[in-house]
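# Analysis of the macromolecular model
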Amino acid sequence: VDEETDKKTDKLFDDILDQAAEDCWNRNEYSPLDESQRCQKAVRFYAASLTNDFSENSALHRTKPEPEDIPSNRYSSDISVDQAIGTALRMRTGQSKLTEEEQNLLRWHQKNTEYALGANVNDLSMRFWDADERHAFEGDHVLLRRGYSCITDHMHDRCKRRGNFSVQMNFSVGSIEYARTSTSHPLPRKDGRKHKNIELSDTCRVTSADGKQTFAFDFLVCTLPLRVLKDSTLKNSDSRQLKRENKALPESLNSRVISRHVEFDPALPEVKRDAIQAVGFGLLNKIFLQFSHAFWRKSGTKESLKGTPFLADDQVIFGNASEKKPHHYMFLDLGHSLRDQGSVGAPVLMTLISGSEAVSSEQLSNDDLSEEVMQTLRAIFSDITIPRPSKFYATRWGSDPCSRGSYTFLPPGATDQDYHILQSPINGDGDSILLGDVGTMRLFWAGEHTTALHPSMAHGALLSGFRAAKEVIAATHLKTSKNVGSGDRPIPMTVFRSHHPTAPLQCHLCHLPGSRKREGGLFAFQRFSRQVIVHNNCAVFSPEVECADGEWKNVIKSVNRGKQIQCLGCGKNGATIGCVYRGCVRSFHFGCAELNGWDFEEKGKEFHCDVHQRYAPHKPLEKGPFPGHDYLKKSRKLSQEELNSNLTYMIPLADFTIKPGLSEEKWQCALCKESVEDKKRGLLVAFQQGHRQDLTHFNCIRYSTNVNETPNEARLKYQNVADAVHRGRQLPCWICSKTGATIKCANKSCHQYYHFVCAEKDEGWNFEQRGRHFLCLKHRAQSF
């Protein structure tokens, strides 16, 4: 492939993906859609049609995975990646002039996007398919020579050395009980123990599939793959319904569900089952071929072999951008990658295949699958004769009854909140998402499907196990000092919508629908069994509502009070913001109060109506220049040494020449896209790293996550400024949905990003007083 064409197509794919994401995020997530406009059908479990029967007569095994719709509590304006990028591509001028080579390269980028999640782009959510990207670890991918067993073996040896540890192998689990009535006895307390512990009891029990073995425990951590959970919840719910109706389980269900389905007793809470069925489980398989020699290699350098398909000594990967079997899009020289330094690796190639093509591949015999890969290799290396492989192996994770697939993904209708639901512990009374701290949780969850930070990753599964272990230890501590369940807790919107399927998605205070720029995001709260939804600002600026020390108070109380109070602005009830002037009975919604002339950001929470604003205490005007003024004094032209360093320096605006044809009046912040300079954002300041220059507001970049400032008497040095600006182009703000959001909530489980002004105004975070360790409203409260 021509290098310039490759770069051009690479940029085109990135541009249309960015445009598609921006278009999707700019739509109101809960905007009303009729059935003809909603496009959220997707394949949610690719291996659903596969069985263990590989015979020619197994028609069921040869059924393609069918897209499925979502329940009404998950309806939204989200669409698939395929539909979104298709629209963005059609909108670009000249898209009809793409050459055949460019079309093939775009298809290659599509397959490269799909392999990480084991799902096709027409089944990936445009809003959330890469929600974990911002948490990705830096560095190269690594192949473990001995496989992942070297990690598990090491952990097993460490646990054995600590004593009182055992592993029960070849134990097919048939049922899990987690709310048994059992006698209890105190746990002996050691001297110096800080916490009082709950009493020991055999509340949980695991029984083998054949019913011959049973073990009892205080707590359980469930790491069953997502597809096994899908089969278990489907079969459990269907079998219970048929049992109530005195009917037998249909043979079609018995033949379709081939995984080691597990009976949960009691049945998993509805909120858990809903998330299990909504989140997708993809399929990715690896195919290995060993040859007599590495025909894909030639002596020479990368430059000398340019224009040929052959690999040089320092290369390990070649791609397939032809029309011949495009799903075999990449080949890795596995032997060369794992060889010892100075030695020749075994001539072994590995290729990847994902999504519906991986389902089709599992329906082929090894001979047929090997021939399909060989056809691709012959098309790539058409000028030479390729030998037959001496050995062949292909993974078939979709047909494996203990896994039934490979990776978790988010299809349209699922959100990143579902990962939090999947990881939330439960007990016999329900899910901790709804229960909060009420009762002792007994069944905990781990696995690559239970982490919002690193889903679909081996290290994500490992880290989720560490998290679950900490949760179990915390559950052993007796809760004594805390008034459990006394606050109003945020809950996922899908939970509210499932409990109130016909309720309009509008604020219970101002009655306006969806998330809004002025009123803020739409959030659901629960206190005991009562649930409400309110805009962030409508709640925050209601006089009785508090959010302090990690707990929300009086949100539902405010909603109840507002039912009887009419807004003077729009005439609707729900007006909880009343004029504080003595004797005035005028009340407003948040938005109507701002239209009445009150700026809550500048004047505070004690609202005065337009009649009595002259009596409001005035805050003294801030003295001194805008933020960034003193720092500009230390800016100067870069020396040659500074130009060659990897640090970023603030430079005088006179030296900002990246857009020489643009007048200063049209300059704007690269993050918030605003040109105004004020007390909040600060001055527009220029930064330079090497020959790259960026222009931002002083506070927009100063409080960006991962941007570090090193004060110096002569100069200010910065780290990660260019990286923040670059990453911000792909990160939409949680409040206003515009890109350029670089301030991340510091809670490790949260991946919401904000602009500086949105974080201060809509999330109520004062960076000057509280510092740069920003927490969103949800995680200042008792979030899941």
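In case you missed it, the structure is sitting above this.
Below you will find a few notes about this structure. By convention here, each chain's residues receive numbers from 1 onward along its written sequence. Note on the predicted model: pLDDT of at least 70 is required for a residue's local features to be given, and 80 or more for side-chain atom pairs to be given and counted; whole-chain, interface and lining totals, by contrast, use all residues. Working from all heavy atoms in the structure, the side-chain values ignore hydrogens and water.

## Considering the overall build of the protein chain
Basically, it comes down to this: Starting at the N terminus, helices and strands are each numbered in turn, a helix being any DSSP run of H or I of at least four residues and a strand any DSSP run of E of at least two. Throughout this description, buried means an accessible area under 20% of the type-specific maximum (1.4 Å probe, protein chains only), exposed means over 50%, and partly exposed covers the range between. Each accessible area value is a Shrake-Rupley result obtained with a 1.4 Å probe; residue values ignore everything except the protein chains displayed when judging cover.
On a plain count of helices and strands, the protein chain comes out with 25 helices and 31 strands. With 784 residues in all, the protein chain has 47% of them scored as buried. Of the roughly 39,800 Å² that the protein chain leaves accessible, carbon and sulfur atoms contribute 50%.

## Brief notes about the packing of helix H1 (residues 3-26) against helix H2 (residues 81-91)
For clarity, the cut-off: Between the N-to-C directions of two axes lies an angle of 0 to 180 degrees, each axis being a line fitted to C-alpha atoms and, for a helix, fitted only over the stretch in contact. Under this scheme an angle from 65 to 115 degrees is roughly perpendicular, one under 35 degrees roughly parallel, and one over 145 degrees roughly antiparallel; angles in between are oblique. Here a crossing is called left-handed whenever its near helix is offset anticlockwise from the far helix by less than a right angle, and right-handed whenever the offset is clockwise. Whether two residues are in contact is decided by their heavy atoms: any pair within 4.5 Å suffices. Amino acids outside the nonpolar list (Ala, Val, Leu, Ile, Met, Phe, Trp, Tyr, Cys, Pro) and the charged list (Asp, Glu, Lys, Arg) are all regarded as polar, and Gly is one of them.
H2 packs onto H1 with a crossing angle of 110° between their chain directions and a minimal axis gap of 8 Å. In terms of orientation, H1 lies roughly perpendicular with respect to H2. For the pair H1 and H2, the sense of crossing is right-handed. Here Ile16, Leu17, Gln19, Ala20 and Asp23 of H1 come into contact with H2, specifically with Val81, Ala84, Ile85, Ala88, Leu89 and Met91. Its residues placed into classes, the contact of H1 with H2 shows nine nonpolar, one polar and one charged.

## Regarding the nonpolar core
Threshold: Residues grouped as a nonpolar core are buried Ala, Val, Leu, Ile, Met, Phe, Trp, Tyr and Cys residues, joined through side-chain atoms within 4.5 Å.
Within the largest apolar cluster, 70 residues are counted, with the highest numbers of intra-cluster contacts made by Phe264, Leu268, Leu443, Trp445, Val534, Phe600 and Phe607. Counting residues per element, this core draws most heavily on strand S19 (residues 522-527), which supplies four residues. With 50 residues, the next largest nonpolar core counts Ala47, Trp129, Leu305 and Phe409 among its residues.

## A look at the sheet that holds strand S20 (residues 530-535)
This is how it is decided: A pair of strands is treated as paired once DSSP finds two or more bridges between them.
Read from one edge to the other, the open sheet built from three strands follows the order S18-S19-S20, with strand pairing classed as antiparallel. Unpaired on one side and paired on the other, strand S18 (489-491) and S20 mark the two borders of the sheet. Ignoring which end each strand starts from, the neighbouring axes of this sheet average 40° apart. Bridge analysis of S19 against S20 gives six bridges, and the strand direction is antiparallel. Bridge pairing in S20 places Phe525 opposite Val532. Relative to S20, helix H16 (residues 555-562) is tilted by about 80°, and along the sheet it contacts S19 and S20.

## Some points on the state of the cysteines
Just so we agree on the cut-off: Here, a disulfide means two cysteine sulfur atoms that sit within 2.5 Å of each other.
Following the criterion strictly, the structure yields zero disulfides and no others. The thiol sulfur of Cys507 is not disulfide-bonded, and the nearest other cysteine sulfur, from Cys510, lies at 3.9 Å. For Cys507, a relative accessible area of 0% puts it in the buried group. Here Cys700 is not cross-linked by a disulfide; its sulfur's nearest cysteine counterpart is in Cys672, at 4.1 Å. The exposure class assigned to Cys700 is buried, which follows from its relative accessible area of 3%.

## Notes on the packing of aromatic side chains
Condition: Aromatic rings from Phe, Tyr and Trp, with only the six-membered ring used for Trp, were paired whenever their centres fell within 6.5 Å, and each pair was classed as stacked if the ring planes differed by under 30 degrees, edge-to-face if by over 60, and tilted otherwise. Here, a charge over a ring is recorded when the distance from Lys NZ or Arg CZ to the ring centre is within 6 Å and its angle to the ring normal is within 35 degrees.
This structure, assessed with the given rule, holds 28 aromatic pairs. Ring centres of Phe588 and Phe607 lie 5.4 Å apart, and the angle between their planes is 75°; on these two criteria the pair is classed as edge-to-face. On the criterion of sequence distance, the pair formed by Phe588 in strand S24 (residues 587-588) and Phe607 in the loop between helix H18 (600-603) and helix H19 (629-632) is long-range, its members being 19 residues apart. A relative accessible area of 3% means that Phe588 is categorised as buried. An aromatic cluster is built from Phe291, Phe295, Trp296, Phe310, Phe318, Phe331 and Phe381, whose rings are joined through pairwise contacts. The side chain of Lys298 reaches across the aromatic face of Phe310, ending 4.3 Å from its centre.

## Some thoughts on the side chain of Ser737
Mapped onto the fold, Ser737 is located in the loop between helix H22 (721-728) and strand S30 (743-744). The exposure class of Ser737 is buried, given its relative accessible area of 16%. Other than its neighbours up to four places away in sequence, Ser737 contacts Trp25, Asn26 and Pro732.

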